[in-house]
Amino acid sequence: MDSVQTAGYFGEFGGSFIPPELQEVMDYLTEQFEKYKNDPEFVQEFQYYLREYVGRENPLTYAQHLTEKLGGAKIYLKREDLNHTGSHKINNVLGQILLAKRMGAKRIIAETGAGQHGVATATVCAMFDMDCTIYMGAEDTRRQALNVFRMELLGAKVVAVDKGQGRLKDAVDEALGDLVQNYRNTFYLLGSAVGPHPFPTMVKHFQSVISEESKRQIMEKEGRLPTAVLACAGGGSNAIGSFAHYIDEPSVRLIGVEPDQAPTLSEGVPGILHGFKCLVLLDENGEPRKTYSIAAGLDYPGIGPEHSHLKTSGRAEYYTVTNEEVLNAFQVLSKTEGIIPALESAHAVAYALKLAPELSRDDILIVNLSGRGDKDVEQVFHMLQNQ
Ligand SMILES: *Cc1c(COP(=O)(O)O)cnc(C)c1O
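Given the structure is predicted, the values throughout are model-derived calculations rather than measurements.

## Considerations on the side chain of lysine 37
Part 1 of the reasoning: By secondary structure assignment, the location of lysine 37 is in the loop between helix H2 (20–36) and helix H3 (40–54).
Part 2 of the reasoning: Once you skip the residues sitting within four places of it in the chain, lysine 37 turns out to touch Phe42, Val43 and His205.

What follows is the structure, encoded as structure tokens:
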């Protein structure tokens, strides 16, 4: 293959499997992203807003009490939970909106399932005075009425999609239809390291700030690299961002953690989903399996193409944890460190609780705390009552 055909591939995964009219839009986006990503003014602007608006750099906190309680590896937490809007998602949203502005787009569209990506998008659109339309399945708008209100409060228009089952997939289809019609003035802002090229590469680029910081911070604090970096994996954006600067450091283990009810990397097979090739969970009829996770952000039957490659090539390891382990981790981190993690992030914490005692006191774990748990407190309250 020549360099054009290999662009956007990670081993056999990735690429772009979409209709010709969408391919034209993706080709243009790829060209513009390549043009600006290393442009000094663009980089400076991105860094300015990461600092002044998102609140970076965020700390790499030594979890002293958790470490002492477990009696093994030293645990550090990368604090994406302290970002404005409470998760890593804003890093990517900010990067893509700055690119959209350079491309002359006046209008941002995005899809959202539970609403987290929609809220992050509406937030940054408000700050940059960009017209913002969020597509959301009608069923999801009923279940997440407060997030719909949040987005509207931030000035976004929320379109409830009635077609199909009224879920995320139907919202994606509507958003893509909008993009094909309006691509001259509209930018589609994708929320995870998935989708056709260039999205997985672009989202990784903007999320790599996580490991750029953590690597510098761990060298300052410990003078050496960590034994392992752990992150939860839904579509895979916080995980790929926290792995990025360690992929070429073979001594560092890369560990992705997923729910046992959506075990894409543990049980998935190569297939095409939403316009790209990745490991995918299929049911007995060969259709994408219906997944369920107590953490809305991890409820996806596919995974980013680079994770699919990191898994099959053996560079990264992926494990599942149970709901019970996640609920336990949610409470343990809250009690030992005074930090309530997002249910998504609690998956990574849950695996760290198992791994740390098996390692020595000379080992170091970096756990990516992708988000804060305020949004999940009510849900956990009900789950614990019903136990
Ligand atoms: C959305 C979300 C995730 C999952 O998305 P990835 O693309 O896999 O990172 C994880 N944690 C939090 C807090 C989220 O909001």
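## Section: the UniProt feature "domain: Tryptophan synthase beta chain-like PALP" (unreviewed entry) in the protein
Part 1 of the reasoning: Feature annotation in UniProt assigns "domain: Tryptophan synthase beta chain-like PALP" (unreviewed entry) to the following positions: residues 56–367.
Part 2 of the reasoning: Taken end to end, residues 56–367 has its terminal C-alpha atoms 17 Å apart, with 43% of it in helix and 20% in strand.

## Observations regarding the packing of aromatic side chains
Part 1 of the reasoning: Applying the stated criterion across every chain, the model contains 9 aromatic pairs.
Part 2 of the reasoning: Taken together, a centroid distance of 4.6 Å and an interplanar angle of 5° make the contact between tyrosine 319 and tyrosine 351 stacked. One end of the pair, tyrosine 319, is in strand E13 (residues 316–321); the other, tyrosine 351, is in helix H16 (residues 343–355), with 32 residues separating them in the sequence.
Part 3 of the reasoning: A relative accessible area of 28% means that tyrosine 319 is categorised as partly exposed.
Part 4 of the reasoning: Of note, lysine 74 hangs over the ring of tyrosine 62, and the distance from its end group to the ring centre comes to 5.1 Å.

## So, the sheet that holds E13
Part 1 of the reasoning: The strand order across the open sheet formed by 6 strands is E3-E4-E14-E9-E10-E13, and the pairing between neighbours is mixed. Since the sheet does not close on itself, it has two edges, and those belong to strand E3 (60–62) and E13, each with one partner. On average, each strand axis in the sheet is tilted by 25° relative to the strand beside it, whichever way the strands run.
Part 2 of the reasoning: Across 3 bridges, strand E9 (residues 228–232) lies against strand E14 (residues 364–369) in parallel orientation. If you follow leucine 230 over to E14, its bridge partner there is valine 367.

## A look at a nonpolar patch on the surface
Part 1 of the reasoning: A cluster of nonpolar side chains, namely Leu146, Phe149 and Leu153, defines an oily patch on the protein surface of about 350 Å² accessible area.
Part 2 of the reasoning: Of note, leucine 146 is situated in helix H8 (residues 145–153).

Conventions and cut-offs
Along each chain, numbering runs from 1 in the same order as the chain's sequence is written. Local features in a predicted model are, by the rule used here, given only for residues with pLDDT of at least 70; side-chain atom pairs are given and counted only at 80 or more, and totals for whole chains, interfaces and linings are based on all residues. Just so you know, side-chain values use all the structure's heavy atoms and leave hydrogens and water out. Here a helix means four or more residues in a row that DSSP labels H or I, a strand means two or more in a row labelled E, and each is numbered from the N terminus. In this analysis, two residues are considered to be in contact whenever any of their non-hydrogen atoms come within 4.5 Å of each other. UniProt positions are given in the numbering used here, feature names are shortened, and annotations may be inferred rather than shown by experiment. Note on aromatic contacts: the rings of Phe and Tyr and the six-membered ring of Trp form a pair at centre separations within 6.5 Å, being stacked when their planes are under 30 degrees apart, edge-to-face when over 60 apart, and tilted otherwise. Buried, partly exposed and exposed residues are distinguished by accessible area as a fraction of the type maximum, computed with a 1.4 Å probe on protein chains only: under 20%, between the cut-offs, and over 50%, respectively. Only when the NZ of Lys or the CZ of Arg is both within 6 Å of the ring centre and within 35 degrees of the ring normal is a charge said to sit over the ring. Here, a strand pair is defined by DSSP locating no fewer than two bridges between the strands. In this description, a line fitted to the C-alpha atoms serves as the axis of each element, helices being fitted only across the stretch in contact, and the angle between N-to-C directions of two axes falls anywhere from 0 to 180 degrees. Residues enter a patch when their relative accessible area is above 30% and they make no salt bridge; the linking distance is 9 Å between like charges and 5 Å between nonpolar side chains (Val, Leu, Ile, Met, Phe, Trp, Tyr). Exposure was quantified through the Shrake-Rupley algorithm and a 1.4 Å probe, taking into account, for residues, occlusion by the shown protein chains and nothing else. For this analysis, a salt bridge means a side-chain nitrogen from Lys or Arg found within 4 Å of a carboxyl oxygen belonging to Asp or Glu.

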